[in-house]
Amino acid sequence: MSKNLVEAGLPKISEALASLADRSETSVALTERCLSAIDSRDGVVNAYLSVDREGALAQARRADAGEATGPLAGIPIGIKDVLAVEGQPATAGSKILEGYHPPYTATAVRRLQDAGAVLLGKINCDEFAMGSSNENSAYGPVRNPHDTDRVPGGSSGGSAAAVAAGMALATLGTDTGGSIRQPASFCGVVGLLPTYGRVSRYGLIAFASSLDRIGPFTSSTRDAALVLGAIAGHDPLDATSSTIAVPDYTRDIDRGVKGLRLGVPSEYFAEGLDPEVRRPVEETIEKLRAAGAEIVPVSLPHTRYAVPTYYVIATAEASSNLARFDGVRYGYRACDAKTLSDMYRLSREGGFGPEVKRRILLGTYVLSAGYYDAYYKKAQQVRRLLTDDFLTAFGQVDAILTPTAPTAAFKLGEKTDDPMAMYLADIYTVTASLAGICGLSVPCGTTSDKLPVGLQILGKHFDESTLFRVGQAVENLPR
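Since we're looking at a predicted model, the values are computed, not measured.

Asker: Give a description of the nonpolar core that names residues and reports values.
Answerer: Core analysis: the biggest nonpolar cluster contains 133 residues, and Leu 72, Phe 128, Leu 172 and Leu 288 have the highest contact counts within it. Here this core takes nine residues from helix H9 (residues 306–321), the largest share from any one element.

Asker: So what's going on with the packing of aromatic side chains? Which residues, and what values?
Answerer: The way to describe two aromatic rings as a pair is by their centre distance and the angle between their planes. Within this structure, the stated rule accounts for 15 aromatic pairs. Put simply, the rings of Tyr 100, Phe 128, Phe 325, Tyr 330 and Phe 352 touch in pairs and so form one group of aromatic residues. Its end group placed over the ring of Phe 410, Lys 415 keeps NZ or CZ at 4.4 Å from the ring centre.

Asker: Account for the pairing of strand E7 (residues 261–265), naming residues and giving values.
Answerer: When a strand is regular, its side chains alternate between the sheet's two faces. Judged by how many residues are buried, E7 sits mostly within the fold: four of five residues are covered. Inspection of the sheet shows E7 paired to strand E8 (residues 294–298) by five bridges, in the parallel sense. Paired with Pro 265 across the strands is Val 298, a residue of E8. Handedness of the crossover is the feature at issue here: the chain leaves E7, passes through helix H8 (residues 275–290), returns alongside E8, and the resulting connection is right-handed. As judged from the two bridges shared by E7 and strand E9 (residues 399–403), these two strands associate in the parallel manner. Within the sheet, the bridge partner assigned to Leu 262 lies in E9 and is Ala 399.

Asker: Explain the side chain of Arg 383 to me, and be specific about the residues and the numbers.
Answerer: Relative to the helices and strands, Arg 383 resides in helix H12 (residues 372–394). One buried charged residue, Arg 383, forms no salt bridge at all, with the nearest opposite charge on Glu 317 at 4.6 Å. At 3.0 Å, the side chain of Arg 383 and the side chain of Ser 210 are in polar contact. Contacts of Arg 383, omitting those with residues within four sequence positions, involve Ser 210, Leu 211, Thr 309, Ile 313, Ser 433 and Leu 434.

How each quantity is defined
- Residues numbered from 1 in each chain as written.
- Predicted model: local features only at pLDDT ≥ 70, side-chain atom pairs only at ≥ 80, totals over all residues.
- Heavy atoms only, no water.
- Core = buried A, V, L, I, M, F, W, Y, C linked by side-chain atoms within 4.5 Å.
- Buried < 20%, exposed > 50% of the residue type's maximum accessible area, 1.4 Å probe, protein only.
- Helix = DSSP H or I, 4+ residues; strand = E, 2+ residues; numbered from the N terminus.
- Phe/Tyr/Trp six-rings, centres within 6.5 Å; stacked < 30°, edge-to-face > 60°.
- Lys NZ or Arg CZ within 6 Å of the ring centre and 35° of its normal.
- Pairing = 2+ DSSP bridges.
- Right-handed = clockwise from strand over helix to strand, strands pointing away.
- Lys, Arg positive; Asp, Glu negative; His and termini not counted.
- Salt bridge = Lys/Arg side-chain N within 4 Å of Asp/Glu carboxyl O.
- Polar contact = N/O pair within 3.5 Å; in protein donor to acceptor, adjacent residues only side chain to side chain.
- Contact = heavy atoms within 4.5 Å.

Right, here's the structure in full:
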């Protein structure tokens, strides 16, 4: 039977920080509230794969004693299980990494620790971040707290669901083709895709290295700005991380949209967009116009090629990255193999799920001799065209507004037998992933069934500040 397990009682991070500062709230009490929510709701939602109860309470006590300081001191946060945390499980939602405990911590997570955050545990996700519904985890699907018969989106569905169900004040997720923004839309929370290179990928179990990005889920735009400020910045351990200075993302967040030029691409409002999603998105755009923004039609003409381009590039990189999981170094190893070749085959056959196998096979094919130029090279050329579309559009506007997803959250099992229908759930998000730009999904309304709908705000490279400014304005609009 469907249940609504949304919890709106937790404070926003900005509110919690104020309460912690004036001693009207303690980190231990905040952490216990999150742990209590996990105990009471997660048996249904299935957002957490492991919970570090004692470790979290110990961190909270240190924050209350003034021993842990920083911009997020005392704030309970969950971590998607594709990010390494020393001594804790790191399964990437896969059987092939069952029992693996990394000896190091991802830079983004370490920066949360340095900022004083309390780490609650590791969060469920689609296996190796491959999926749009969080039904591909080896440890069972995650359920949407708004309607437990529906998916939370993927691959970071567990991270979105944990915030929506009050099981963390914020979480970290990863976005390769929409895996933060789409579940944020489905679960009615805020989800940020930072510019590629803004947040270090060191310690992230890779899916597609030129696309993977780490970002936060929160219950407000201001909270997302606070978390990004803590985790962003250059990292010498990641050669792709940018040396561009990290600004104060909250400085201009309350300026509103008056004077901003906001683009609306016709390609994102064509056939395939559910009318139940179109209505709140278009109403929000009109309210932004009334708030002083100039709404400008723009065109992103190569959008129709984005999904096939993404699935060629992403699967090719997945094929390469996942070659390391062979039963030799770490993780699952088939115990009944008689030869080395059998061990490779049986370990990968038993350790990987069907969606991961599908993507490895497709990626291996497009990289094979005779097909590399026809598929992978061509996809990279189209990627450049998609990037140029955005660069041209951003010559006219400050940000771009689109739906985050073509539909609201769909039923569990509804698309599991139709991979193409599942892949098309990313149709509005993969373009920004391919172009390397930043994007923010903020709740903008609901369907007639009270399911959340997200507005996607896309910004120029390293211009997250404008995203936060628009996102905050959306939150302040009259409902």
